[in-house]
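# Fold and geometry: a report
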Amino acid sequence: MTGNRAISMFAIFDYFKSNPKQLKKGELSFNAGYVCKIHSASGLIQGEVKASMKSIQYKVKVFLNDGVIYECMCTCPRGLTICHHMATISLFAHHNCSSTDSIFSWNVRNSNVENTKTIIDLYPACPYKATISLPNKNQNNFKKALEQLGTPIGMSWLLKPEPDVEVQFEQLSVVLVNDVIVSDEYKTSTTKTQLLKNKLSVSTEIILKVAQETIDLLQVCMEIYLQSAIKKKYNPSLFKSLNNEYITTGVHAIEWGLNNEDAALKFLQETENVVIQKTGLWLHKCGYLGE
């Protein structure tokens, strides 16, 4: 609107000069159409503003003296100081109320805010259970499709059969995650997360035993892993190592390293005055993390 406005922008800026953030939030609220009701008469502007995240409305009063805001009140938690609802009503009055109007009233007709749907309403989550497994036929077809690609990828390694180490783990009382989540106790539990933590946790004795028993199981090429982690790029050679597809026979560098490993370790211990001990997997006390 043009002409004599009930509140000038200068008056609004002057009142909120020490609280620019509240003025900015008020502008966003005004543009979003959160003003539900307004009434202007003889130096007093009253209105209601909808809360952005709640289905409630706050009542606001803006007191004027010759077009200058000298006091504001609001029923929101910040209403005793300065809040953005005050700025919202002030901006609405600036754009819609005239100082020549003796009385001005406005009520919202249709509010689309109430009908606004959230992302969850539009795209409800599909039911999912970690215990649902695909038939072996589907898994085999998927593996064959991966093999036809001719390029080793991470999924090929993930789908490989588990190593035959269950006997050692059973002797050490290490519980496997899969055994827990497919159990009837887990399926019927109302506190699945806590149950999983309790079942998988291990004692210090078990941690030490696993570290000793898995020494010969950790035959990995750490150099490739470290290079991949540093570069954040996992090349085919890494997956070949994981899948045991590398044929190292005849590779002189690898043969030299294997033949001289003991001598290198002995030299390191003598020069650095340290004792090097081979170790296996060190589990965290939670039971499902290790290094």
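Every value quoted in this text rests on a predicted model; they were computed, and no experiment measured them.

## What to know about the nonpolar core
One finds Ile7, Phe16, Ile45, Val62, Ile69 and Ile89 to be the most contacted residues of the largest nonpolar core, which totals 31 residues. Elements represented by at least two residues in this core include exactly helix H1 (9–15), helix H2 (20–31), strand S1 (35–41), strand S2 (44–50), strand S3 (57–65), strand S4 (68–74) and helix H3 (84–96). Apart from residues no more than four positions distant in its own chain, Phe16 is found in contact with Leu23, Ile82, Cys83, Met86, Ala87 and Ser90. Val174, Val202, Ile207 and Leu283 belong to the second largest nonpolar core, which has six residues in total.

## Some points on H3
For H3, with 13 residues, the first-to-last C-alpha span of 18 Å sits near the 18 Å given by 1.5 Å per residue. The set of residues buried in H3 consists of His84, His85, Met86, Ala87, Thr88, Ile89, Ser90, Leu91, Phe92, Ala93 and His94.

## Some words on the pairing of S1
For S1, the tally of buried residues reaches five of seven residues, placing the bulk of the element in the interior. Pairing analysis gives six bridges linking S1 to S2, with the strands arranged antiparallel. By the bridge assignment for S2, Ala41 is matched with Leu44. Between S1 and the antiparallel strand that follows it, S2, lie two residues; Ser42 among them carries a positive phi value of about 45 degrees.

## Considerations on the environment of Thr204
Mapped onto the elements, Thr204 comes out in helix H11 (residues 204–213). Judged by its relative accessible area of 58%, Thr204 falls in the exposed class. Distance in space between the C-alpha atoms of Thr204 and Lys285 is 7.3 Å, their sequence separation being 81 residues.

## Quick notes on the side chain of Gln22
Considering the arrangement of structural elements, one finds Gln22 in helix H2. With relative accessibility at 11%, the residue Gln22 sits in the buried group. In terms of polar contacts, Gln22 uses its side chain to reach the backbone amide nitrogen of His84, at 3.0 Å. Not counting residues up to four positions away in its chain, the partners in contact with Gln22 are Arg78, Ile82, Cys83, His84 and Ala87.

## A closer look at the pattern of salt bridges
By the definition in use, this model includes four salt bridges. One salt bridge connects Lys24 with Glu27, and the closest N-O pair in it is separated by 3.8 Å. With Lys24 and Glu27 both in helix H2 and three residues apart, the pair spans about one turn of that helix. For Lys24, a relative accessible area of 47% puts it in the partly exposed group.

## Structural notes on the pairing of S4
Pairing geometry for S3 and S4, over six bridges, is antiparallel. Its bridge partner lying in S4, Val62 is registered against Cys72. Hairpin geometry of S3 and S4 is characterised by an intervening segment of two residues between the two adjacent antiparallel strands and by a positive phi of about 55 degrees at Asp66.

## What about the UniProt feature "domain: SWIM-type" (unreviewed entry) in the protein?
According to UniProt, the feature "domain: SWIM-type" (unreviewed entry) maps to residues 58–94 in the numbering used here. Secondary structure across residues 58–94 divides into 30% helix and 41% strand, with the first and last C-alpha atoms of the span separated by 19 Å.

## Considering the packing of aromatic side chains
Within the structure shown, the criterion is met by three aromatic pairs. Relative to Phe92, the ring of Phe30 has its centre 6.2 Å away and its plane inclined at 80 degrees; by these criteria the two rings are edge-to-face. Separated by 62 residues along the polypeptide, Phe30 in helix H2 and Phe92 in helix H3 bring together distant segments of the chain. Of the two residues examined, Phe30 and Phe92, each falls in the buried class. For Lys192, the ring lying beneath its charged end belongs to Tyr186, and the centroid distance is 5.7 Å.

## A look at unusual backbone geometry
Of note, the phi angle at Asp66 is positive, near 55 degrees, even though the residue is not glycine. Note on placement: Asp66 falls in the loop between S3 and S4. Residue Asn273 is not a glycine yet carries a positive backbone phi of 55 degrees. Note on placement: Asn273 falls in the segment after helix H15 (261–272).

What counts as what
Residues numbered from 1 in each chain as written. Predicted model: local features only at pLDDT ≥ 70, side-chain atom pairs only at ≥ 80, totals over all residues. Heavy atoms only, no water. Core = buried A, V, L, I, M, F, W, Y, C linked by side-chain atoms within 4.5 Å. Buried < 20%, exposed > 50% of the residue type's maximum accessible area, 1.4 Å probe, protein only. Helix = DSSP H or I, 4+ residues; strand = E, 2+ residues; numbered from the N terminus. Contact = heavy atoms within 4.5 Å. Expected span 1.5 Å × (residues − 1). Pairing = 2+ DSSP bridges. Polar contact = N/O pair within 3.5 Å; in protein donor to acceptor, adjacent residues only side chain to side chain. Salt bridge = Lys/Arg side-chain N within 4 Å of Asp/Glu carboxyl O. UniProt positions renumbered as here; feature names shortened; annotations may be inferred. Phe/Tyr/Trp six-rings, centres within 6.5 Å; stacked < 30°, edge-to-face > 60°. Lys NZ or Arg CZ within 6 Å of the ring centre and 35° of its normal.

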